[in-house]
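# Structural characterization, general
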Amino acid sequence: MDTGLTAAENRELETRMQKRQLKEFMSVIGNLVDTCFNSCINDFTSKALSGSETGCITRCVQKSMTTQARMAERFAEQNQAMAAEMQRKAQQ
């Protein structure tokens, strides 16, 4: 696909996109840590996590990851449906 950019501009664009994706990923992870910590950790009298805290964190992370995966699936499904609709309209 011709983007009208030089090779150097394409490399710069790719680098910026990778940095943005990393920043977004780190933001998602940071939000996950904050959410699960605030929901699950409530005993600060010990350095070690209690069994209930460990279980809560495990469930919280699993639920979040499952939700993120499902959202990605739905996003892909909707993108595919939109692309098919646009293609159908273009053929009319």
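Please read all numbers here as calculations on a predicted model, not as lab measurements.

Now for the UniProt feature "domain: Tim10-like" (unreviewed entry) in the protein. If you check UniProt for "domain: Tim10-like" (unreviewed entry), the listed places come out as residues 16-77 in our numbering. Between the end C-alpha atoms of residues 16-77 there is a gap of 27 Å, over a span that is 84% helix and 0% strand.

Further remarks concern the layout of surface pockets. Unfilled space is identified by rolling a water-sized probe across the atoms. Quantified by volume, the largest pocket comes out at close to 160 Å³. For the largest pocket, the full set of lining residues is F25, V28, I29, N31, L32, T35, S64, M65 and Q68. Residue assignment for the lining of the largest pocket shows that the elements contributing at least two residues are α1 (7-40) and α2 (51-91). Sorting elements by how many residues they give to the lining of the largest pocket places α1 first, with 6 residues. Split by residue class, the lining of the largest pocket holds 5 nonpolar, 4 polar and no charged.

Calculation rules
- Residues numbered from 1 in each chain as written.
- Predicted model: local features only at pLDDT ≥ 70, side-chain atom pairs only at ≥ 80, totals over all residues.
- Heavy atoms only, no water.
- UniProt positions renumbered as here; feature names shortened; annotations may be inferred.
- Helix = DSSP H or I, 4+ residues; strand = E, 2+ residues; numbered from the N terminus.
- 1 Å grid on protein atoms, 1.4 Å probe; cavity = no way out; pocket = protein on both sides within 12 Å on 5 of 7 lines; lining within 4 Å.
- Points joined across faces, edges and corners; volume = space filled by probe spheres on them.
- Nonpolar A, V, L, I, M, F, W, Y, C, P; charged D, E, K, R; others polar.

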